[in-house]
Amino acid sequence: MQIKKISFAIFISYFFLVFIPIDMINGILIRIGLPSLSAAYKLITLLLVSLYLFKVKKQLYVIGVLLTIFFYLFLYLLFLDDINSLFSGLNMLIRFSAILLFYLFFIDFVKKENLKYLFNIANFSFSFLVLNIFLGTLGFGYGMYGGDSENAIGTRGFIFAGNEIGGAILTSGAIIMFKLIEEDSYLKFFIFGIVLIAMGGLLASKVSILGAIILFFFFPLLKAFKNFKNFKIPKKDFIYANLMLLSVPIISAYGIYYVLYESNLINRLSYFYEKLDFVTFIFSSRNIWAEEAINVFSNTYSIINIFFGTGVEWFKYISGNKLVEIDPIDFLMNYGVIGFSIVFGTIFYIIFTVIKNNNPYSIYITFTIFLLLAISSMGGHILASGTSGFLIALLMALGKYDVRKDKI
């Protein structure tokens, strides 16, 4: 019997299949006081990806990432006394670096291997996210708000990083949705859209349900716009776009009603609304922490701090004593103007390459990246997410695939 050989790239791709299940197991381990399994597993995957990039002569990218991390480590060693603060300050940079290296791996993958493997990663991840939330609704796992108390609101299932689940759901969901709509699988797209909104409702997350509604509503319109030629829209696209215009508001209204009343989120919101002004209520006090952080940046940071940040030392200057949870602010405070420019310069360069490549998925990918950037500017935990980061890398890499010319 002949054993079928698989490439090194496909071998590595199998590791990504179980990122979400590992995060589910990891959530259980952390809560019973055991070491993190997810961090070790993802580090192994990152090492394999780095070896692969060396193999395909992209070692300069790996070296560049490592030099950037070591530069900030050296800088923190010079100025920080607290070892915990030193390594905590590198956390966001390392996580974003992982997204970048995964992105480079996936780019090479779509050039050499079958694209179905990448869509399988998205499908598999979304399936386990559904399972995780479903188990949560049955009483297993933990609430989105309130932990495992009787008054918990929503569910995060077993995954520990509840704020990052929404990003993973929206990213994997967007990948599946634009594949379905490009295949003209309108019925499957419609059913999937309802499932995506339901997931946001069960999470009881404002960002998740609004993001799901936006994707469900705009993807058909984007397809109609993409196919708009000589002032004519294909009949099928026109009919479905109008169906979305009629049906999405109705479905969305029920989803929002469920989040507010069936999950009792309305009581939590009412409590905070009475204590806060409207903007602070919408941003869950992040606007206050952001204002405090910017004041620290303007009035307290030295020239070196302005350019390179202070790691997490700035926490002590704001009332939240933690990340603002607005990604642009957190990157700016942690890594200064240089780090901020590297991170967001890279993201916008990737958006530019996606638009320039102009494959059938480009318009959806560009829209989704901007949606994720908007979410990261309101709720954070997107550009340095251990749960959704690999899916964001996958999303961006699909923008480099040319299904017509079969080349990068």
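Only a predicted model underlies this, so the values are computations on that prediction, with no experimental measurement involved. (Residues numbered from 1 in each chain as written. Predicted model: local features only at pLDDT ≥ 70, side-chain atom pairs only at ≥ 80, totals over all residues. Heavy atoms only, no water.)

**Describing the overall build of the protein**
In step 1: When you go through the protein residue by residue, the secondary structure sums to 18 helices and zero strands.
In step 2: Looking at the protein as a whole, 51% of its 408 residues qualify as buried.
In step 3: Excluding contacts between residues fewer than 6 apart, the proportion of contacts in the protein whose partners are at least 24 apart in sequence is 73%.
In step 4: Taken as a whole, the protein presents about 19,800 Å² of accessible surface, with 66% of it coming from carbon and sulfur. (Helix = DSSP H or I, 4+ residues; strand = E, 2+ residues; numbered from the N terminus. Buried < 20%, exposed > 50% of the residue type's maximum accessible area, 1.4 Å probe, protein only. Contact = heavy atoms within 4.5 Å. Areas by Shrake-Rupley, 256 points an atom, 1.4 Å probe, with all protein chains shown as cover.)

**Focus on the packing of helix 4 (residues 59–79) against helix 6 (residues 91–112)**
In step 1: Close contact between helix 4 and helix 6 brings their axes to 11 Å; oriented N to C, the two are set at 175°. Regarding the angle of helix 4 to helix 6, the classification is roughly antiparallel. Here helix 4 contributes Y61, V62, V65, T68, I69 and Y72 to the contact with helix 6, which in turn contributes L93, I94, S97, L100, L101 and L104. (Axes fitted to C-alpha atoms, helices over the stretch in contact; angles between N-to-C directions. Parallel < 35°, antiparallel > 145°, perpendicular 65-115°, else oblique.)

**Quick look at the side chain of S13**
In step 1: Here S13 is to be found in helix 1 (residues 8–17).
In step 2: A polar contact is formed between the side chain of S13 and the backbone oxygen of I10, at a distance of 2.5 Å.
In step 3: Residues in contact with S13, not counting those within four places in the same chain, are F105, F109 and I121. (Polar contact = N/O pair within 3.5 Å; in protein donor to acceptor, adjacent residues only side chain to side chain.)

**A few points about the packing of aromatic side chains**
In step 1: Applying the stated criterion across every chain yields a total of 39 aromatic pairs.
In step 2: Their ring planes at 85° and their centres at 4.9 Å tell us that W314 and F315 sit as a pair that is edge-to-face.
In step 3: Classification of W314 by relative accessible area gives buried; the value is 0%.
In step 4: Positioned above the aromatic ring of Y142 is the side chain of R31, whose terminal nitrogen or guanidinium carbon lies 3.6 Å from the ring centre. (Phe/Tyr/Trp six-rings, centres within 6.5 Å; stacked < 30°, edge-to-face > 60°. Lys NZ or Arg CZ within 6 Å of the ring centre and 35° of its normal.)

**Some words on the packing of helix 16 (residues 327–357) against helix 17 (residues 362–376)**
In step 1: It is the contact of helix 16 with helix 17, at a shortest axis distance of 10 Å, that shows an interaxial angle of 165°. As far as their axial angle goes, helix 17 and helix 16 are roughly antiparallel. In the packing of helix 16 onto helix 17, the handedness of the crossing is left-handed. Contact with helix 16, carried on its side by D327, P328, F344, I347, F348, I351, V354, I355 and N357, involves S362, I365, T366, I369, F370, L373 and S376 of helix 17 and no other residues of that element. (Left-handed = near helix turned anticlockwise from the far one by under 90°.)

**Quick word on the pattern of salt bridges**
As a working rule, side chains carrying opposite charge can pair if their charged atoms are close by.
In step 1: All told, the structure shown has nine salt bridges when counted by the stated rule.
In step 2: Among the salt bridges present, the one from K42 reaches D23, with a minimum N-O distance of 3.0 Å. Here the residue K42 occupies a position in helix 3 (residues 37–55), and D23 occupies one in helix 2 (residues 19–31), the gap between them amounting to 19 residues.
In step 3: With a relative accessible area of 6%, D23 lands in the buried category. (Salt bridge = Lys/Arg side-chain N within 4 Å of Asp/Glu carboxyl O.)

**Examining a nonpolar patch on the surface**
In step 1: Nonpolar side chains collect at one region of the surface, where I303, F307, V337, I338 and I342 lie side by side and expose about 420 Å² of accessible area between them.
In step 2: Per element, the largest residue contribution to the nonpolar patch is three residues, and it comes from helix 16.
In step 3: In this structure, I342 sits in helix 16.
In step 4: Take I342: its relative accessible area is 39%, and that puts it in the partly exposed class. (Patch = residues over 30% accessible without salt bridge, like charges linked within 9 Å, V, L, I, M, F, W, Y side chains within 5 Å.)

**A few points about the nonpolar core**
In step 1: Grouped together as the largest cluster of nonpolar side chains are 107 residues, with contacts concentrated most on F16, F102, F106, F178 and F219.
In step 2: Looking at this core, the element that brings in the most residues is helix 6, giving 14 residues.
In step 3: Non-local contacts of F102, meaning those with residues more than four positions away in its chain, are made with F16, F19, T45, L46, V49, F390 and A393.
In step 4: Counting 15 residues, the second-largest nonpolar core is a separate cluster that includes V296, Y301, V324 and L332. (Core = buried A, V, L, I, M, F, W, Y, C linked by side-chain atoms within 4.5 Å.)

**Focus on unusual backbone geometry**
In step 1: In the Ramachandran plot, K57 falls in the positive-phi region, its phi being about 65° despite a non-glycine side chain.
In step 2: One can find K57 in the loop between helix 3 and helix 4.
In step 3: The backbone of N321 shows a phi angle near 55°, a positive value even though the residue is not glycine.
In step 4: Mapping N321 onto the fold places it in the loop between helix 15 (303–308) and helix 16.

**Let's talk about the confidence of the model for the protein**
In step 1: Residues at a pLDDT of 70 or more form 83% of the protein, whose mean pLDDT is 85.
In step 2: Model confidence for the protein, summarised as mean pLDDT per element, is weakest for helix 12 (residues 265–275) at 57 and strongest for helix 18 (residues 389–398) at 96. (pLDDT = per-residue confidence, 0-100.)

**With respect to the side chain of E325**
In step 1: The topology assignment puts E325 in the loop between helix 15 and helix 16.
In step 2: Excluding residues within four positions of it along the chain, E325 makes contact with N163, R286, D330, M378, G379, G380 and H381.

**So, helix 1**
In step 1: With seven of its 10 residues buried, helix 1 lies for the most part within the structure.
In step 2: When helix 1 is considered as a whole, its buried residues turn out to be A9, I10, I12, S13, F15, F16 and L17.
In step 3: Buried-residue contacts for helix 1 involve helix 2, helix 3, helix 6, helix 7 (116–137) and helix 18.

**What to know about the environment of F225**
In step 1: Assignment of secondary structure puts F225 in helix 10 (residues 206–226).
In step 2: For F225, a relative accessible area of 60% puts it in the exposed group.
In step 3: For F225 and I363, which are 138 residues apart along the polypeptide, the C-alpha to C-alpha distance reads 9.7 Å.

**Some remarks on the environment of G201**
In step 1: Counting through the fold element by element, G201 comes out in helix 9 (residues 186–203).
In step 2: Once the C-alpha coordinates of G201 and A212 are considered, the two residues, 11 residues apart in sequence, prove to be 9.7 Å apart.

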